[in-house]
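Examining the three-dimensional arrangement
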Amino acid sequence: MPIDNVLRYDDVPLEDFMACLYQYDQRMDAGYLPPPGHLSEVKLTGRWSPGSGDSEAPLSIYLLQEVDAISEMTETFLILASEGDVAPDLRALGLQMKTYLASRGEPSMIRIDPRYGPVCGSGLEPVDPAIRWDRPRLYLAIYLTSDPGSPSLAVMEYVPQNLQGRFKSLFEKYNGISPKKPSLLSKAWDRLKLSAPAPAELEDKVDYTLVRKLVPFLARQKVHTVRISLIFKEMGARDTASILLDKRYSASSATGHDRFLASLGELM
């Protein structure tokens, strides 16, 4: 194992990365990119022209995955984040991405936040009627699953009883299926008694294949000046000798710098 255990490439021009990815595809054994099994997070940033106006806004797309502590399921999700008065456009972009992913064989579901609804930080379609105004920054989360019982999607138990009808309506509107209430305590108890096998982890999906799928979507949405950042675990500076990406964009460390976001609250 290398001394450094986190290798990052920050703000690489997307064209440079795609050129390296092409070479990697031709000779995967040559080490032109790090092995995809080490890739833990990806961020794409660019400039975006929302459909409701002529002005541009920043757009960030995060490709993230987390293991739920109780179910031990690996959840893979995308975060679309922007700022300004763009909530309707961000919602439309999320729906277009959901449709696009489905056309590429990737089922997905939009997360309905227990307070904000589909667009966190926005008063566009809140579950909580006390939310009436947008915050300066907004985001929308898309989970790469067809299971409404996935831990981060099945959050209706966090919604007050009198607002659960509203939550259910929004969930059905955006995902075409009713939400589920996970019986997390019973699952944990079954596992404690060893009366049921531990649930299998979902397949990790943050990899180069997912990046390849997203690049045509960004072009279709006319997102420009796109840069990509990548975080690799259990790698360091000594592992970069054969990597084609310009080392000016790289940094390695033994601790820290292994997440783009400490929490999603940073996006608001």
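The structure this text deals with has already been given above.
Below you will find a few notes about this structure. (Residues numbered from 1 in each chain as written. Predicted model: local features only at pLDDT ≥ 70, side-chain atom pairs only at ≥ 80, totals over all residues. Heavy atoms only, no water.)

For the structure on display, the rule yields 15 salt bridges. A salt bridge links Glu66 to Arg259; the nearest nitrogen and oxygen atoms lie 3.1 Å apart. Within this pair, whereas Glu66 is found in strand β3 (residues 57-67), its partner Arg259 is found in the segment after β8 (250-253), the two being separated by 193 residues in sequence. We classify Glu66 as partly exposed; its relative accessible area is 39%. For Arg115, the salt bridge is made with Asp128, and the minimal N-O distance between the two is 3.4 Å. In this pair, Arg115 sits in the loop between β5 (109-110) and β6 (137-143) while Asp128 sits in the loop between β5 and β6, placing the two residues 13 residues apart along the sequence. (Salt bridge = Lys/Arg side-chain N within 4 Å of Asp/Glu carboxyl O. Helix = DSSP H or I, 4+ residues; strand = E, 2+ residues; numbered from the N terminus. Buried < 20%, exposed > 50% of the residue type's maximum accessible area, 1.4 Å probe, protein only.)

One pass over the full model with this rule turns up seven aromatic pairs. When the ring of Phe17 is compared with that of Tyr208, the centres are 6.2 Å apart and the planes differ by 55°; the resulting orientation is tilted. You can see Phe17 sitting in helix α1 (residues 14-26) and its partner Tyr208 sitting in helix α5 (residues 208-220), a full 191 residues away along the chain. Seen in terms of ring centroids, Tyr100 and Phe217 are 5.3 Å apart; in terms of plane orientation they differ by 45°. Their pairing is tilted. Here Tyr100, found in helix α2 (residues 87-103), pairs with Phe217, found in helix α5; they are 117 residues apart in sequence, far enough to count as distant. Across the pair, Phe217 and Tyr100 agree in class, each one buried. In textbook terms, an aromatic cluster arises when at least three aromatic residues are bridged by ring pairs, as seen for Phe17, Tyr24 and Tyr208. Just above the ring of Tyr116 sits the side chain of Arg115; from NZ or CZ to the centre is 5.7 Å. (Phe/Tyr/Trp six-rings, centres within 6.5 Å; stacked < 30°, edge-to-face > 60°. Lys NZ or Arg CZ within 6 Å of the ring centre and 35° of its normal.)

A separate point is the packing of α1 against α5. With their axes 12 Å apart at the nearest point, α1 and α5 run at an angle of 130° to one another. By the angle between their directions, the pair α1 and α5 is classed as oblique. Of the two possible hands of crossing, α1 and α5 adopt the one that is left-handed. Residues Leu14, Phe17, Met18, Leu21, Tyr24 and Asp25 of α1 touch α5, and the partners they reach there are Tyr208, Val211, Arg212 and Val215. For the contact of α1 with α5, the residue count by class is eight nonpolar, no polar and two charged. (Axes fitted to C-alpha atoms, helices over the stretch in contact; angles between N-to-C directions. Parallel < 35°, antiparallel > 145°, perpendicular 65-115°, else oblique. Left-handed = near helix turned anticlockwise from the far one by under 90°. Contact = heavy atoms within 4.5 Å. Nonpolar A, V, L, I, M, F, W, Y, C, P; charged D, E, K, R; others polar.)

The next point concerns α2. Here α2 spans 25 Å end to end across 17 residues, near enough to the 24 Å set by a 1.5 Å rise per residue. For α2, every residue scored as buried is listed here: Ala87, Asp89, Leu90, Leu93, Gly94, Met97, Lys98, Tyr100 and Leu101. (Expected span 1.5 Å × (residues − 1).)

Glancing now at the sheet that holds β8. Spatial strand order, β5-β6-β4-β3-β2-β7-β1-β8: eight strands in an open sheet with antiparallel pairing. Among the strands making up the open sheet, the edge pair consists of β5 and β8. Sheet topology places strand β2 (residues 39-48) next to strand β7 (residues 224-233); seven bridges connect them, and they run antiparallel. Among the inter-strand pairings, Val42 is bridged to a residue of β7, identified as Leu230. Against the sheet, α2 touches β2, β3, β4 (74-83), β5 and β6, its axis set at about 20° to β6. (Pairing = 2+ DSSP bridges.)

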